[in-house]
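Residues per chain are reported as follows:
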Amino acid sequence: MPQFALQYAQVQQHIQQACEKSGRAATSVQLLAVSKTHPASAITAFYQLGQRAFGENYLQEALDKIEQLKQLSIEWHFIGHVQRNKTKHLAENFAWVHGVDRLIIAERLSNQRPENLAPLNLCLQVNIDDQESKDGCRVDEVADLVAQISQLPNIQLRGLMVIPKPEHSAAFAQTKQLFDQVKARHHHPEQWDTLSMGMSGDLDAAIAAGATIVRIGTALFGARNYNT
Ligand SMILES: *Cc1c(COP(=O)(O)O)cnc(C)c1O
């Protein structure tokens, strides 16, 4: 627990310094605490330190924790790959879904979002550096997908999400460029405001390029027990 407090302070300071270096306001970058593989008790510890946004990758694991922690006002983000048959659970339980890369997924999330909840926030995942193994749409699909997904009623498409290859920080600047191109042609540019990029190992480069949400697991919670 005291260790979490220290790591939390260090990560916040790290973000602040990265913002200063690139002349950005510290408030322009949101810390998403990636809690996959870590128990509900660890999430509670960070919650008590003031953290509210948590990211999970695995649906069943996430649903168990959401149930266990339902008395807390946590903003849950799903950052894993979205399978078509899992969209209902995502629509019902999360505030954000970062890994959308096909129209059918966005349509299902929109249809399945309960009426009593605010629109579901989405990021379009782009395979910015053409990795064979990676999810995400192609760069040349982005404009059409944004135009189509933005029409859907119960969701709010907020921006882009990327997971570039390690050591490939040039991809962050390419993502920012793509983000700006979309914004310039967007019907509601003020709603296009999110760049979800940067993890424990590359948050400096991501913030320098314009990240607005950094997804941090290891630097906060320590190493994961199983690999992802
Ligand atoms: C696991 C994961 C993270 C966090 O990675 P760390 O290196 O532990 O900070 C961020 N984003 C996604 C999509 C992840 O799967």
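Residues numbered from 1 in each chain as written. Predicted model: local features only at pLDDT ≥ 70, side-chain atom pairs only at ≥ 80, totals over all residues. Heavy atoms only, no water.

## Re the site of the ligand
Selection criterion: The near set for a molecule or strand comprises every residue that places at least one heavy atom within 4 Å of it. For this analysis, a polar contact is any N or O atom pair within 3.5 Å, provided that within protein one partner can donate a hydrogen and the other can accept it, and provided that sequence-adjacent residues contribute only side-chain to side-chain pairs. For accessible areas, the Shrake-Rupley method is used with a probe of radius 1.4 Å. Any residue's cover is judged against the shown protein chains and nothing else. Residue type decides the class: Asp, Glu, Lys and Arg count as charged, Ala, Val, Leu, Ile, Met, Phe, Trp, Tyr, Cys and Pro as nonpolar, and the leftover types, Gly among them, as polar.
Near the ligand you find 13 residues, and of these Lys36, Asn57, Ser200, Thr218 and Arg224 are the closest. In this structure, glycine 217 approaches the ligand through a main-chain N or O atom, which is 2.8 Å from an oxygen atom. About the coverage of the ligand: the protein hides 89% of its 390 Å² of free accessible area. Of the residues assigned to the shell around the ligand, the class counts are six nonpolar, four polar and three charged.

## Let's talk about the pattern of salt bridges
Applied cut-off: Salt bridge criterion: a side-chain nitrogen from Lys or Arg within 4 Å of a carboxyl oxygen from Asp or Glu. Exposure categories follow from relative accessible area, calculated using a 1.4 Å probe and restricted to protein chains: below 20% of the type maximum is buried, above 50% is exposed, and the middle band is partly exposed. To qualify as a helix, a DSSP run of H or I must reach at least 4 residues; to qualify as a strand, a run of E must reach at least 2; elements of each kind are numbered from the N terminus.
Summed over the entire model, instances satisfying the criterion amount to nine salt bridges. The partner of glutamate 56 in a salt bridge is lysine 65, and the shortest N-O contact between them spans 2.9 Å. Relative accessible area serves as the criterion here: at 0%, glutamate 56 is assigned to the buried category. Note that glutamate 61 is salt-bridged to lysine 65, the shortest N-O span being 2.7 Å. Of this pair, glutamate 61 and lysine 65 both sit in helix 3 (residues 59-68), separated by four residues, roughly a single helical turn. Each member of the pair, glutamate 61 as well as lysine 65, is classed as buried.

## Some thoughts on the UniProt feature "modified residue: N6-(pyridoxal phosphate)lysine" (unreviewed entry) in the protein chain
Short version of the rule: UniProt positions are given in the numbering used here, feature names are shortened, and annotations may be inferred rather than shown by experiment.
According to UniProt, the feature "modified residue: N6-(pyridoxal phosphate)lysine" (unreviewed entry) maps to Lys36 in the numbering used here. You can see lysine 36 is positioned in the loop between strand 1 (30-34) and helix 2 (40-48).

## Looking at the pairing of strand 8 (residues 213-216)
Side-chain direction in a regular strand flips from residue to residue, so the side chains alternate between the two faces of the sheet. Here is the rule: In this scheme, strands are said to pair when DSSP sees at least two bridges between them.
Burial along strand 8 is two-sided: Ile213 and Arg215 and Val214 and Ile216, pointing in opposite directions, are all buried. The pairing of strand 1 with strand 8 spans four bridges and is parallel. If you follow leucine 31 over to strand 8, its bridge partner there is valine 214.

## Focus on the packing of aromatic side chains
Threshold: In this scheme Phe, Tyr and Trp rings, the latter by its six-membered ring, pair at centre separations within 6.5 Å, and the angle between planes marks the pair as stacked below 30 degrees, edge-to-face above 60, and tilted otherwise.
For the coordinates displayed, the defined rule picks out seven aromatic pairs. Between tyrosine 8 and phenylalanine 46, the ring centres sit 5.7 Å apart and the planes meet at 75 degrees, which makes this aromatic pair edge-to-face. Taken together, the positions of tyrosine 8 in helix 1 (residues 2-21) and phenylalanine 46 in helix 2 put the pair 38 residues apart, joining distant regions of the chain. Each member of the pair tyrosine 8 and phenylalanine 46 is classed as buried. Between phenylalanine 179 and tryptophan 192, the aromatic rings sit 5.5 Å apart at their centres with planes inclined by 20 degrees, giving stacked as the arrangement. Remark: tryptophan 192 occurs in the loop between helix 7 (170-185) and strand 7 (194-196) and phenylalanine 179 occurs in helix 7; sequence separation between them is 13 residues. We classify phenylalanine 179 as buried; its relative accessible area is 7%. In this structure tryptophan 192 comes out as buried when scored by relative accessible area, which is 0%. Connected via pairs of aromatic rings, a cluster forms that spans Phe4, Tyr8, Phe46 and Phe221.

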